[in-house]
Amino acid sequence: MRVTIWGCRGSVASPGPETVRYGGNTPCVEVRLADGTPVILDAGTGIRSLGARLLAERPAEIHLLLSHLHLDHLVGLGFFQPLFAPGMTIHLWGPQSPVESLEARISRYMSPPLFPVQLADVRADVVMHDVPEEPWQIGAATVTADPVSHQGPTLGYRLEEGGRTLTYIPDHEPAIGVDLEHVEQDWISGFRLADRADILLHDAQYSAEEYADHVGWGHSSINQVVTLAKRANARELVLFHHDPFHNDAELEALEVEARRLWGGSGTAPVLAYEGMELDLS
């Protein structure tokens, strides 16, 4: 698997000179499987640039996996050019809901007055899938999804291919009101997905001081994500879903704190940035 980050900002797009090093686009991660199949994690504003490249490439099919339907993870879908290309096949996966189908929920965004084009008007062949409770196959990759602690139905994903594992949990609060370092593993949200992952892309929105005012909001502090990664024996931690109010210097201060908490062994945590490439081959 090869991974490219097209957007790693959380909550709302935040372009400008103070965010240029790590980027202002909201979540979108491209995963290329060994056979070249593109698997896209989330449809934030970063998906616009990725779509232009995929339109030129015209792969046989594209798989788009949505972690949840908050706007920062969905807003780029209407600007994803392959969606409007005849002959393209797009498999769109999302969390189940007992109330509405995935198509009905997405259509609430892609319809007037919020968007001028309706989902029914796209020209690609779009196949909707409720994410199954059991692992499933995309090509040679095994995909596992689990519900994680966030506002509304939200999934984290684990992709395994060729003995290597990528875990993606962009919006997540692994524990509330308990000692994350000592609580039993079964009580930690997202633990099964992160367990022994080669690369863990994980929400790291707040400092410890900021988190004190945001308990229950569904996002992690630096302390929480490092503790989760260490307890899960993740090999490499990539800090994701940067707060829209954090400039580049503030993000780098969080990275310094994450490395201090991590200690001297293994690969130190790093900040996700637009254009970052990770090779799991």
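Think of each chain on its own: its residues are numbered from 1, step by step along the sequence as written. A pLDDT threshold of at least 70 governs which residues receive local features in this predicted model, and a stricter bar of 80 or more applies before side-chain atom pairs are shown or counted, although totals over entire chains, interfaces and linings include all residues. Side-chain descriptors were evaluated using all non-hydrogen atoms of the structure, hydrogens and water having been removed beforehand.

### Concerning the packing of aromatic side chains
The geometry of two aromatic rings is summed up by the distance between their centres and the angle between their planes.
In step 1: Here a pair means two rings of Phe, Tyr or Trp (six-membered ring of Trp) with centres within 6.5 Å. Their orientation is stacked below 30 degrees between planes, edge-to-face above 60, and tilted elsewhere. This structure, assessed with the given rule, holds 4 aromatic pairs.
In step 2: With a centroid separation of 5.5 Å and 90° between ring planes, the pair formed by Phe 79 and Phe 115 is classed as edge-to-face. With a gap of 36 residues between them, Phe 79 in the loop between strand E4 (62–65) and strand E5 (89–94) and Phe 115 in the loop between helix H2 (102–109) and strand E6 (125–130) connect regions that are remote in the sequence.
In step 3: With 5.6 Å between their ring centres and 50° between their planes, Tyr 109 and Phe 115 make a pair best called tilted. Considered together, Tyr 109 and Phe 115 belong to a single accessibility category, that of buried residues.
In step 4: Linked through ring pairs, Phe 79, Tyr 109 and Phe 115 together constitute an aromatic cluster. Each helix is a run of DSSP H or I of at least 4 residues and each strand a run of E of at least 2, with the numbering of both proceeding from the N terminus. Each residue is placed in one exposure class: buried if its accessible area under a 1.4 Å probe, protein chains only, is under 20% of its type's maximum, exposed if it is over 50%, and partly exposed if it falls in between.

### Section: the pairing of strand E8 (residues 141–147)
In step 1: Of all 7 residues in E8, 5 are buried, a share of seventy percent or more.
In step 2: DSSP bridges decide pairing: two strands pair if at least two such bridges lie between them. Counting the residues between successive antiparallel strands, the hairpin from strand E7 (residues 136–138) to E8 contains 2 residues, one of them, Gly 139, with a positive phi of roughly 60°.
In step 3: Where E8 lies against strand E9 (residues 155–161), 6 bridges are found, and the strand directions are antiparallel. Paired with Ala 145 across the strands is Tyr 157, a residue of E9.

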